[in-house]
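Inside the fold
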Amino acid sequence: MAQSDTKKIFFENLSGAGKAIAVLTSGGDAQGMNAAVRAVVRMGLYVGAKVYFIREGYQGMVDGGENITEATWESVSSMLQVGGTVIGSARCKDFRTHEGRLKAALNLVTLGITNLCVIGGDGSLTGANLFRAEWSGLLAELVEQGSIEAQSVQNYTALHIVGMVGSIDNDFCGTDMTIGTDSALHRIIEVVDAIMTTAQSHQRTFVLEVMGRHCGYLALVSALACGADWVLIPEMPPEDGWEEKMCQKLSANRAGMKRLNIIIVAEGAIDRNNKPITTDCIKDLVVKCLGFDTRVTILGHVQRGGTPSAFDRILASRMGVEAVLALLETTANTPAWVVSLSGNQSVRLPLMECVEMTQKVQKAMDEKKFEEAVKLRGRSFENNLRTYKLLAHRKPESELPTSNFNVAVLNVGAPAAGMNAAVRSAVRVGISEGHRMFAVNDGFEGFYKGQIKEIKWSDVGGWTGQGGSLLGTKRTLPAKHVGKIAEQMRTHNINALLVIGGFEAFLSLLELLTARGKYDEFCVPMIMVPATVSNNIPGSDLSIGADTALNAITTTCDRIKQSASGTKRRVFIIETMGGYCGYLATVAGLAAGADAAYIYEEPFDIRDLQANVEHLTEKMKTSIQRGLVLRNENSNENYTTDFIYQLYTEEGKGVFDCRKNVLGHMQQGGAPSPFDRNFGTKISAKAMQWVTKKLVETFRQGRVFANTEDSCCLLGMRRRALIFQPVVQLKGETDFVHRIPKEQWWLKLRPLMKILAKYKTSYDVSDSGQLEHVVHNRPKDSDASVAM
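Residues numbered from 1 in each chain as written. Predicted model: local features only at pLDDT ≥ 70, side-chain atom pairs only at ≥ 80, totals over all residues. Heavy atoms only, no water.

Some thoughts on the packing of helix 7 (residues 181-202) against helix 8 (residues 217-226)
- Between helix 7 and helix 8, the least distance of the axes is 10 Å, while the angle of their chain directions is 50°. Judged by the inter-axis angle, helix 7 sits oblique to helix 8. For the pair helix 7 and helix 8, the sense of crossing is right-handed. Each of Thr181, Ala184, Leu185, Ile188, Ile189, Val192 and Met196 in helix 7 lies in contact with helix 8, whose residues at this interface are Tyr217, Leu218, Val221, Ser222, Ala225 and Cys226. (Axes fitted to C-alpha atoms, helices over the stretch in contact; angles between N-to-C directions. Helix = DSSP H or I, 4+ residues; strand = E, 2+ residues; numbered from the N terminus. Parallel < 35°, antiparallel > 145°, perpendicular 65-115°, else oblique. Left-handed = near helix turned anticlockwise from the far one by under 90°. Contact = heavy atoms within 4.5 Å.)

This is the structure:
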């Protein structure tokens, strides 16, 4: 059988019949753990396995009894949107002893459990691996004691372990993102955004402490997301004399008419001598040296609490399903696995390789090898740090290169949250590279009207947290006005274009590329950064703005479902945006626990609608009281939202009633999510670095002349990497009539949503996580991952 054929396996061939799987959460809690528990339970039951809860973590495993209970499909209903872990978590000293592990082994063998899904940090996962290694010895000891029969050793020869990392600190090597990190960033950014308004009112300096005793990820990424003036993290202590430099920076910002200062400190921040740097020390320093009104805010356990973000729900659901698949495929010779995220793909990594790499980071920090510690954290962490330094600290004019190039940046298409962060990043990186940056208002409409002006470093201060498009954006395409646009390019001597926008931006670059034959002014480097809530751009798996829209939909669905709490059985029909692209409906459906999501890419007819109604009717006869159905706005011209609402209302009579809601433009509004702020910042910075490189390459005889295909590109995220793709090459991948890519990665998530909603369907595992090694180098640009 060919290699490609062997990979094409469906879950029916991975039966869990006769197997018992137990799931536990251990160590500190993290938002999204419940989504992982729900996915493990439902996928386990779906493949025919028995699934057990182990309550209170390892303590429950040691104590046994009522702490280990069989799970049912209904027992994990309504927990997707709940923070923390509903099955409890506890630190367990008993499990660290041989006697404790012996008790735990007895409790598991008694119930026939030989498969464990452990959701926790590196300590919890290390404990699970030790337990696995000792398993056969523990069973032999139990036989000697007469606690179990000798046959049990034959029946339960090996303990299989799969781990999922639940930690808000994102301190585990081998995964781009741990469960809970994105939600913690949401809590931090919500607080920072709120503090900024009061700080601005009183011209105050705020020093914020965030969690991260040994890892500065939360501090670093939140600083990047809010444009903080200074950040202190344990992996990269400041150079000696940092106190004076920090005060100079704060003073310069105030002199530049900035009314507030934000300093973010990780709780484990240290100086070069491993001496702690506390928030009070920084406050005293600022007050003493500058006399600024300074306040301290310690966020504490606020960061662990609250509802999980859409990202964490999707991540945890995918990991939970992947963990069950891994357990079904495991053998006695398979190492303990941890399910990780790389880009937008699940991968399986040997657990102990990840743990050892994580421990190396702490060792490097203890030995004051800080550069090594940053590298060990991974490319994503390195890139975050490099980007923060580039955008937060302006070089003196004397140190800036003088390129004499003029670069214009504009927004095209509908507004998307994160556009402003992308513009800020482009402007500041461009200035750092020695360019003069020009802002174009109102897209190409403003371009041909001459609404172009130079934009400075300080002009984009505070833009990261702003929703919409501060430059203004229009859907106008350039084709009708190319002559006037070429004239403006000539007038302002524009040497390169950065276009941030949606499908109209893609079409615009194709039109400008065609116009090169008539106007030399368009023979300059041109690059597009995808920004649209619809996430329908060919050449990129993700677009700026889509995550914010997903969170808006998910939060609204939570509230809508809660509105039916305590009432009779009810089904909600929700219409989402997206044009003909079903990304928002599908992924929000997975995040909100929808029963169905109707999209254009997956045609449906009246028989499918009837089957969905019957499915919901059966579910409503159990303890489940609420149903959720999402419909993409252009999924079908005849089966409208009103039609589906009326059909469900009529067919559900006597069992459930219906309500409908069209979410509309609230999906485009609001402050950008932490993901969109950081994705916009990093992808735009990379785009500007490409522009600089192309300008140098194409500058000949006193002018820029670029007329090759690769000088007009789209920068998109493909699987694990950011890739520059000539727009002309993407034409073949595009359905121009429906404004969507011909192939879309997220369609593989649809069976997952259906399985978790209890539909019988095939789940193609050919794209499931493959076993990799953490020590292998990741793709060069993997820092562009979904995981910020």
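A short note on a positive patch on the surface
- A cluster of basic side chains, namely Arg91, Lys93, Arg96 and Arg213, defines a positive patch on the protein surface.
- Inspection of the secondary structure puts Lys93 in the loop between strand 3 (68-70) and helix 4 (98-110).
- Lys93 gets classed as exposed once you look at its relative accessible area, which sits at 69%. (Patch = residues over 30% accessible without salt bridge, like charges linked within 9 Å, V, L, I, M, F, W, Y side chains within 5 Å. Areas by Shrake-Rupley, 256 points an atom, 1.4 Å probe, with all protein chains shown as cover. Salt bridge = Lys/Arg side-chain N within 4 Å of Asp/Glu carboxyl O. Lys, Arg positive; Asp, Glu negative; His and termini not counted. Charge placed at Lys NZ, Arg CZ, Asp CG, Glu CD. Buried < 20%, exposed > 50% of the residue type's maximum accessible area, 1.4 Å probe, protein only.)

Focus on the pairing of strand 6 (residues 205-210)
- Burial of strand 6 is extensive: six of the six residues sit out of reach of the surface.
- Along strand 6, one buried face is formed by Thr205, Val207 and Glu209 and the opposite face, lined by Phe206, Leu208 and Val210, is buried too.
- As paired elements, strand 6 and strand 8 (residues 261-266) share six bridges and run parallel to each other. Across the sheet, Thr205 pairs through a bridge with Asn261, a residue of strand 8. (Pairing = 2+ DSSP bridges.)

Focus: the environment of Leu125
- Relative to the helices and strands, Leu125 resides in helix 5 (residues 122-145).
- Residue class for Leu125 comes out buried when judged on its relative accessible area of 0%.
- Sequence-wise, Leu125 and Val162 are 37 residues apart; in three dimensions their C-alpha atoms are separated by 8.7 Å.
- Not counting chain neighbours up to four residues away, the residues in contact with Leu125 comprise Val118, Gly120, Gly163, Met164, Val165, Phe172, Val338 and Leu351.

As for empty space enclosed by the protein
- If you walk through the whole model with that rule in mind, you get two cavities of 30 Å³ or more.
- Considering only enclosed or pocket space, the second largest cavity measures out at about 30 Å³ in volume.
- Leu315, Arg318, Met319, Ser340, Leu341 and Ser346 together form the lining of the second largest cavity.
- Contributing elements (two or more residues each) for the lining of the second largest cavity: helix 11 (310-329) and strand 10 (337-342).
- It is helix 11 that provides the largest number of residues to the lining of the second largest cavity, a total of three residues.
- When the residues that make up the lining of the second largest cavity are grouped by side-chain class, the tally is three nonpolar, two polar and one charged. (1 Å grid on protein atoms, 1.4 Å probe; cavity = no way out; pocket = protein on both sides within 12 Å on 5 of 7 lines; lining within 4 Å. Points joined across faces, edges and corners; volume = space filled by probe spheres on them. Nonpolar A, V, L, I, M, F, W, Y, C, P; charged D, E, K, R; others polar.)

A short note on the sheet that holds strand 8
- Taken in spatial order, the four strands line up as 7-8-6-9 in an open sheet, and their pairing is parallel. Every interior strand has two partners, whereas the edge strands, strand 7 (230-232) and strand 9 (294-298), have only one. The average angle at which neighbouring strand axes cross in this sheet is 15°, direction not considered.
- Contacts from helix 10 (residues 279-290) reach strand 6, strand 7, strand 8 and strand 9, with the element oriented near 170° to strand 9.

Points about unusual backbone geometry
- Not every positive phi belongs to a glycine, and Asn170 is a case in point at roughly 55°.
- With respect to the helices and strands, the residue Asn170 is situated in the loop between strand 5 (160-165) and helix 7.
- Note on Asn170: relative accessible area 8%, which makes it buried.
- In this structure, Gln203 takes a positive phi of about 50° despite not being glycine.
- With a relative accessible area of 38%, Gln203 lands in the partly exposed category.

A look at the packing of aromatic side chains
- All chains considered together, the criterion is met by 17 aromatic pairs.
- Measuring from ring centre to ring centre gives 6.3 Å for Phe503 and Phe736, while their planes differ by 70°; the resulting arrangement is edge-to-face. One end of the pair, Phe503, is in helix 18 (residues 503-515); the other, Phe736, is in the loop between strand 26 (734-735) and strand 27 (740-741), with 233 residues separating them in the sequence.
- When its relative accessible area of 2% is taken as the criterion, Phe503 is described as buried.
- Summarising the aromatic geometry, the rings of Tyr580 and Tyr600 are spaced 5.2 Å apart at their centres and angled 75° between planes, so their arrangement reads as edge-to-face. Placement of Tyr580 in the loop between strand 18 (570-576) and helix 20 (583-592) and of Tyr600 in the loop between strand 19 (596-598) and helix 21 (606-620) is noted, with a sequence separation of 20 residues between them.
- Taking the relative accessible area as the measure of exposure, Tyr580 reaches 31% and is therefore partly exposed.
- The aromatic ring of Tyr46 is capped on one face by Lys760, whose charged end is 5.0 Å from the ring centroid. (Phe/Tyr/Trp six-rings, centres within 6.5 Å; stacked < 30°, edge-to-face > 60°. Lys NZ or Arg CZ within 6 Å of the ring centre and 35° of its normal.)

Side note on the pattern of salt bridges
- Applying the stated criterion across every chain, the model contains 32 salt bridges.
- Of the charged contacts in the structure, one is a salt bridge between Glu235 and Arg377, with a shortest N-O distance of 2.7 Å. With Glu235 in the loop between strand 7 and helix 9 (242-255) and Arg377 in helix 13 (residues 370-377), this pair connects stretches of sequence that are 142 residues apart.
- On the basis of relative accessibility, which here comes to 16%, the residue Arg377 falls in the buried class.
- Through salt bridges that share partners, Arg204, Asp293 and Arg295 make up one connected network.

What about the environment of Met79?
- Within the secondary structure layout, Met79 lies in the loop between strand 3 and helix 4.
- Judged by its relative accessible area of 4%, Met79 is buried.
- Between the C-alpha atoms of Met79 and Glu149, which are 70 residues apart in sequence, the distance is 39 Å.
- Setting aside residues up to four positions removed in sequence, Met79 forms contacts with Asn34, Val37, Arg38 and Val86.

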